[in-house]
Amino acid sequence: MAAPAYSYRNTARQHAPARRSAPYPEAPRVRTVRGAQTNQTVRVLPSSVTTLAVVIAVVLVVVAAISFTRIYLSSQAIVTSVESEQIASSIATARSEGSVLEVQSTVMANATTVKQKATDMGMADPADVAYITLPEDVVAVCEDGTLSLTESICRASGSVAGE
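Just so it is clear, the model here is predicted, and its values are computed rather than measured.

Chemist: Go over the overall build of the protein chain with me, naming the residues and quoting the values.
Modeler: Across its full length, the protein chain carries 4 helices and 2 strands. The helix and strand sequence of the protein chain, counted from the amino end, reads α-α-α-β-β-α. Within the protein chain, the fraction of its 163 residues that count as buried is 3%. Carbon and sulfur atoms make up 62% of the accessible area of the protein chain, which totals about 16200 Å².

Chemist: Can you lay out helix H4 (residues 149-157) for me, pointing to particular residues and giving the numbers?
Modeler: By the N-cap criterion, in which a side-chain oxygen at the helix start approaches the backbone nitrogen of a residue two or three places on, H4 is capped by Ser148, the distance to Glu151 being 3.3 Å. Backbone geometry just downstream of H4 places Gly158 in the positive-phi region, at approximately 95 degrees.

Chemist: Summarise a nonpolar patch on the surface; cite the residues concerned and give the values.
Modeler: Together, Val54, Val58, Val62 and Ile66 make up a nonpolar patch on the protein surface, roughly 360 Å² of accessible area in all. Along the chain, Val62 falls in helix H2 (residues 47-109).

Chemist: Kindly report on the confidence of the model for the protein chain, identifying the contributing residues and their values.
Modeler: Averaged over the protein chain, the pLDDT score is 82; the fraction of residues at 70 or greater is 75%. Confidence, read as mean pLDDT per element, is least for helix H1 (residues 11-15) in the protein chain (55) and greatest for H2 (95).

Chemist: Describe the side chain of Ser152, with residues and values.
Modeler: Structurally, the position occupied by Ser152 is in helix H4. Polar contacts involving the side chain of Ser152 include one to the main-chain carbonyl oxygen of Ser148, which spans 2.7 Å. Apart from the residues within four sequence positions on either side, Ser152 is in contact with Val138, Val139 and Ala140.

Chemist: Give a description of the pattern of salt bridges that names residues and reports values.
Modeler: Taken as a whole and judged by the stated rule, the model has 1 salt bridge. Of the charged contacts, one joins Lys115 and Asp125 as a salt bridge, the two residues approaching to 3.8 Å between their closest N and O atoms. Linking Lys115 in helix H3 (residues 111-120) with Asp125 in the loop between H3 and strand E1 (140-141), this pair joins segments that are 10 residues apart in sequence.

What counts and what doesn't
- Starting from 1, residues in each chain are numbered consecutively following that chain's sequence as written.
- In keeping with the model being predicted, local features are shown solely for residues with a pLDDT of at least 70 and side-chain atom pairs are shown and tallied solely at 80 or more, while totals for entire chains, interfaces and linings include all residues.
- Here the side-chain values reflect all heavy atoms present in the structure, with hydrogen atoms and water set aside.
- Helix and strand definitions follow DSSP, with helices as H or I runs of at least four residues and strands as E runs of at least two, each counted in order from the N terminus.
- Working definition: with a 1.4 Å probe on protein chains only, accessible area under 20% of the residue-type maximum means buried, over 50% means exposed, and in between means partly exposed.
- The accessible surface values rely on the Shrake-Rupley method and a 1.4 Å probe; as for residues, cover is taken only from the protein chains in view.
- Two N or O atoms count as a polar contact when they lie within 3.5 Å, although within protein this holds only if one can serve as hydrogen donor and the other as acceptor, and sequence-adjacent residues are included solely when both atoms are side-chain atoms.
- Only residues whose relative accessible area exceeds 30% and that take part in no salt bridge are eligible for patches, with like-charged residues grouped when within 9 Å of each other and nonpolar side chains (Val, Leu, Ile, Met, Phe, Trp, Tyr) grouped when within 5 Å.
- What counts as a salt bridge is simple: a side-chain nitrogen of Lys or Arg found within 4 Å of a carboxyl oxygen of Asp or Glu.
- As a per-residue measure, pLDDT reflects the predictor's confidence and takes values from 0 up to 100.
- By definition, residues are in contact when any of their heavy atoms lie within 4.5 Å.

Structure follows, in structure tokens:
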């Protein structure tokens, strides 16, 4: 929605305070006085002096930039050195843990240790040993490569699928 346009043409004059009939008091007059300097020309330094100042400023900026770069590189070298020491420390810890695990693995793989642990858990040697001979694989595969549960069950029971 648009707002209505208001007219302010005559309202400023209607509500303005009445003017004084007397004019304002006269402001004091200000006079400027020229200084005692008679030479109006500006002194310009020779170009060799300004060139020398610019060269010195540029050299100082370059030296400061090189100094800051050197400080930054030194601090980064220190940080890298500390990180390298931490990594070397963790490698040494991992190697010592690996050695301990290797010894434990060798001890646990020993047949005598396995038999002792089994006896401690209440296990005993078997009275007799039996061997199982498995027939050929009974798992059936469909043409698309998926396993067929129905065909596998039929093969396991010795019947033919679809009978």
